[in-house]
Amino acid sequence: MKAVCQAGYGGAEQLSVQEVPLPKLEASSVLVRIVAVSVNAGDHHMLTGRPFLIRVAVGRRAIPGMDFSGVVHAVGSGVECNFSEGDEVFGTADTKCGAFAEYISVPATNLVRKPEKVTWEEAAALPTAGMTALQSLRTGRPVETGGRVLINGASSGVGTFAVQLAKLMGANVTGVCSTANVAMVRSLGADAVVDYKKESVEQAAAAAGERYDKIIDAVGRLGWHRLLKPKGSHVAVALPNPESECVPCSLCAIACSPWCCCCLSSSKSHMFMQEVRAADMDELAKMVADGQLRPVLGLRLVGISEVPDALAGHSETLGQGHRTGKTVVSL
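These remarks concern the structure in this document. Predicted model only: the values in this text are computed from it and were never measured. Starting from 1, residues in each chain are numbered consecutively following that chain's sequence as written. Selection of residues for local features in this predicted model requires a pLDDT of at least 70, selection of side-chain atom pairs for listing and counting requires 80 or more, and totals for whole chains, interfaces and linings are taken over all residues. As a rule here, side-chain values cover all heavy atoms of the structure and leave hydrogens and water aside.

## A few points about the nonpolar core
Here comes step 1: As used here, the term nonpolar core means buried Ala, Val, Leu, Ile, Met, Phe, Trp, Tyr and Cys residues forming a set that is joined through side-chain atoms within 4.5 Å. With a 1.4 Å probe rolled over the protein chains alone, any residue whose accessible area is under 20% of its type maximum counts as buried; one over 50% counts as exposed, and the rest are partly exposed. The biggest cluster of nonpolar side chains holds 41 residues, and the ones touching the most others in it are L126, I151, L165 and L293.
Here comes step 2: Helix and strand definitions here come from DSSP, where helices need a minimum of 4 consecutive H or I residues and strands a minimum of 2 consecutive E residues; each element is numbered from the N-terminal end. Of all the secondary-structure elements, those providing two or more residues to this core are helix 4 (127-137), strand 8 (148-152), helix 5 (157-168), strand 9 (172-177), helix 6 (182-187) and helix 10 (278-289).
Here comes step 3: Leave out the neighbours within four places in its chain, and L165 touches G130, A133, L134, L137, L284, M287 and L293. Contacts were defined at the residue level, with two residues in contact if any of their heavy atoms lie within 4.5 Å.

## Quick notes on the pattern of salt bridges
Here comes step 1: Here, a salt bridge means any side-chain nitrogen of Lys or Arg that lies within 4 Å of a carboxyl oxygen of Asp or Glu. Enumeration according to the criterion identifies twelve salt bridges in this entry.
Here comes step 2: The residue R277 makes a salt bridge to E275 at a minimum N-O spacing of 3.1 Å.
Here comes step 3: Beyond isolated ion pairs, a larger network of salt bridges with shared partners links R138, E275, R277, D280 and E283.

## Here's the deal with the pairing of strand 4 (residues 67-75)
Here comes step 1: A pair of strands is labelled paired if DSSP reports no fewer than 2 bridges between them. The pairing of strand 3 (residues 29-39) with strand 4 spans eight bridges and is classified as antiparallel. Bridge assignment links I34 to a residue of strand 4, and that residue is G70.
Here comes step 2: The sheet contact formed by strand 4 and strand 5 (residues 88-92) spans five bridges and is antiparallel. Within the sheet, the bridge partner assigned to G70 lies in strand 5 and is V89.

Right, here's the structure in full:
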């Protein structure tokens, strides 16, 4: 099969499309012929190996890529889930990677069926970004009807899902994005949009007399507590300076900005890490099939040869770029 292979840490120079053997089918796994893949910020961090903690905790993967959609080619002997050859599915390899290839073998628990009304590209866009948005909204203070929710990075892969999901939960949603994406974020249902190129979030909140019950930060910045209501929650999906080597310092800065919130404030910050949950992927897919949720597909490419440049260029400033929605590649 053809696969994108990663020779080392860095950029596009470390990636090449090569012929490699099909992955081994483990007893608890499913072999999937891949139809489409999407690119995540995490894929880019795995390519650059920054912060260096990734190199220690995860290591370099020979074939990068997490999220995909495709057709079941074979089922392991120990798989208890009701998957059969020919089933249309989508899922994630998570940090085990291997999705940027024509075939992948993944645990059956990382897969769900693709509804007929959901396209291959939409399904490939769902797993990591969709689960991150859904789970972050369920972290900390519950989202209530009429509650005020701010999404920083509302035009990103995670942000576009978060805006729509928060609206489905009944919240009044404010999205933060650049000028070029204001109309798109409004089209997702945002009640208010802050163009950070024209005014700061603080200026917009002061003008509207607004404070928030929940803030989802998909970009990474500090100083959110002053914008939270008492008992409000700030969920850090991204870290400030995401390629800084001092990860513990970034975590402490989030928890303790602008003071030691765990001691002096009823509002709380939560460091977030997405978990692979088949039930969440299934829930998201049903929302898309029912027309309640719309994956925003930004850059769309065709062919496995497009993956190296899409991955290397996913974040134009090494982890801090401005892709709109999800980048997807049809294989």
